[in-house]
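Spelled out, the chains give:
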Amino acid sequence: MRFWKISLLFLSAALTLPGRVPADPAADKLLESVGVKGGVVVHLGCGDGKRTAALHAGDRYLVHGLDTGREAVRKARAHIDSLGLYGSVSAECYDGSNLPYGDNVVNLLLIDDASSVHAEEIERVLVPNGVALVKAGSRLLEASGLKKGEASDGWTTYAKPWPAEIDHWTHFLYDASGNAVSKDQRVYRPRHLQWYAGPKRCRHHDALSSLSAMTSTAGRLFYIFDEGSTSIMHRPPHWKLIARDAFNGKLLWKRDVP
C-alpha cells in the first residue's frame, strides 16, 4: 500500500506542467542549509500548505504535505491548486503515526508537527544521506540510527548516515581500475520494485540499445538513453544524459547528447 502511493505521486507530477511559486526566502534558506538539490520533500504538519508550496524550488523537487487534520489538508490543497502547482506539490491526510512511503524514499523531511511519528519511522523513509529538519518544540524521540546536527533558526537537523555496505559505481566498469566487481554488500536478487520511470519500451533491437551506459554514486543515478521513436526503427536517435535520484527515481535533470 505504501509503494502505490508514492507511485501515484510520480504519475501526477508527470501529468502536470508546474509553475514556480513566488520566492520564499525562508523556504529557500531551509533547502540551502541542508544541501538538498532535488528529490522527494515531505512536509509533516503541512497546515494551510503555504510552506509546503514554497518548498517546491523547481522541477527537480516533488513535494508532499501530510497532516492529521482534514480541514487543514483541504486548505492546503486549495492553496497549492491556486498556484498551479498541484501534482508537483500535493497534500493528504495521514494517521499521525505511519508515513505512507516505502523504505528509503524521502530526501528531506520537514517536520512542523511530528504528531505521533517515531524517529524510527522517520529513519525508515529517509534515503541514505537524507535529512530531517525538526522545528523547535516538535516532539521527536531520539533514534540511534539518525545523526543529530546543530540547531539553527529554530530547526534541528537529523541526518541518516550512508550505509557502509552500499558502494558506488562511478565508471562504466565500476571504478577507474576497469574491474567490473563492486564492493557492494547490499546487492542481492530483486525483492521488490523500488521505483519506475518511463519510457515503457526501448527502441527496436536492430538499433543500438536504448540504454548505453549507467553509473551511480552518492545516491544519484546517471545514464545515457535514446529517447527516439520506438515504433519506427530507422528514425533518428535522440540521445540524452539523464540524472535521477537513485532511491526514489525523481528526475533531477536531462541534457541532450549531440
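Note that the coordinates shown come from a computational prediction; the quantities given were computed from them, not determined experimentally.

1. A closer look at the overall build of the protein chain
Summing up its helical and strand segments, the protein chain has 5 helices and 11 strands in all. Going through the 258 residues of the protein chain one by one, you find that 41% of them count as buried. Nonlocal contacts in the protein chain, meaning residues at least 24 apart in sequence, comprise 55% of its contacts between residues at least 6 apart. Within the structure as shown, the protein chain displays about 14,100 Å² of accessible surface, and the carbon and sulfur contribution to it stands at 56%.

2. Examining empty space enclosed by the protein
Counted according to the given criterion, the structure contains 1 cavity of 30 Å³ or more. A volume near 40 Å³ is recorded for the largest cavity. For the largest cavity, the full set of lining residues is Gly-45, Leu-66, Asp-67, Thr-68, Tyr-94, Asp-113 and Ser-115. Taken together, the residues of the lining of the largest cavity break down into 2 nonpolar, 3 polar and 2 charged.

3. Brief notes about the environment of Leu-62
Summarising the element assignment, Leu-62 is placed in strand β2 (residues 61-67). On the accessibility criterion, Leu-62 (2% relative accessible area) is buried. With 26 residues separating them in the primary sequence, Leu-62 and Ser-88 have C-alpha atoms 5.2 Å apart.

4. Quick look at the pattern of salt bridges
Side-chain pairs of opposite charge can arise whenever the charged atoms involved come near each other. Within this structure, the stated rule accounts for 10 salt bridges. Between Glu-71 and Arg-74 there is a salt bridge; the shortest N-O distance is 2.6 Å. Taken together, the positions of Glu-71 and Arg-74, both in helix α4 (residues 70-82) and 3 residues apart, correspond to about one turn of that helix. With its nearest N and O atoms 3.0 Å apart, the salt bridge here joins Lys-254 to Glu-227. Within this pair, whereas Lys-254 is found in strand β11 (residues 251-256), its partner Glu-227 is found in the loop between β9 (220-226) and β10 (239-245), the two being separated by 27 residues in sequence. The structure contains a network of salt bridges with shared partners spanning Arg-51, Asp-112 and Lys-135.

5. Focus on the sheet that holds β10
Here we have 4 strands laid out as an open sheet, ordered β8-β9-β10-β11, and antiparallel in their pairing. Each of the sheet's edge strands pairs with one partner strand only, and the pair in question is β8 (211-217) and β11. Between one strand and the next, the sheet's axes are offset by a mean angle of 15 degrees, whatever the strand orientation.

6. Thoughts on the nonpolar core
Ranked by size, the top nonpolar core spans 23 residues in total, and within it Leu-55, Leu-108 and Leu-133 carry the most contacts. Those elements giving two or more residues to this core turn out to be α2 (25-34), α3 (50-54), β2, α4, β3 (89-93), β4 (106-111) and β5 (126-135). The element contributing the most residues to this core is α2, with 4 residues. Leu-108 has contacts with Leu-31, Val-34, Val-36, Val-40, Val-41, Val-42, Val-131 and Leu-133, leaving out every residue within four places of it along the chain. Grouped together as the second largest cluster of nonpolar side chains are 20 residues, Tyr-94, Val-125, Ala-132 and Tyr-158 included.

7. Thoughts on the state of the cysteines
In this structure the tally under the stated criterion is 0 disulfides. Cysteine Cys-93 remains unbridged, with the sulfur of Cys-46 as its closest cysteine sulfur at 8.3 Å. Taking the relative accessible area as the measure of exposure, Cys-93 reaches 23% and is therefore partly exposed.

8. Description of the confidence of the model for the protein chain
Averaged over the protein chain, the pLDDT score is 86; the fraction of residues at 70 or greater is 87%. Scored below 50 in pLDDT, residues 1-20 shows 45 contacts in the model against residues more than four places distant or in partner chains.

9. Let's talk about the pairing of β3
In terms of burial, β3 is a largely internal element, 4 of the 5 residues being buried. Handedness of the crossover joining β2 and β3 through α4 is recorded here as right-handed.

The rules behind these values
Residues numbered from 1 in each chain as written. Predicted model: local features only at pLDDT ≥ 70, side-chain atom pairs only at ≥ 80, totals over all residues. Heavy atoms only, no water. Helix = DSSP H or I, 4+ residues; strand = E, 2+ residues; numbered from the N terminus. Buried < 20%, exposed > 50% of the residue type's maximum accessible area, 1.4 Å probe, protein only. Contact = heavy atoms within 4.5 Å. Areas by Shrake-Rupley, 256 points an atom, 1.4 Å probe, with all protein chains shown as cover. 1 Å grid on protein atoms, 1.4 Å probe; cavity = no way out; pocket = protein on both sides within 12 Å on 5 of 7 lines; lining within 4 Å. Points joined across faces, edges and corners; volume = space filled by probe spheres on them. Nonpolar A, V, L, I, M, F, W, Y, C, P; charged D, E, K, R; others polar. Salt bridge = Lys/Arg side-chain N within 4 Å of Asp/Glu carboxyl O. Pairing = 2+ DSSP bridges. Axes fitted to C-alpha atoms, helices over the stretch in contact; angles between N-to-C directions. Core = buried A, V, L, I, M, F, W, Y, C linked by side-chain atoms within 4.5 Å. Disulfide = S-S within 2.5 Å. pLDDT = per-residue confidence, 0-100. Right-handed = clockwise from strand over helix to strand, strands pointing away.

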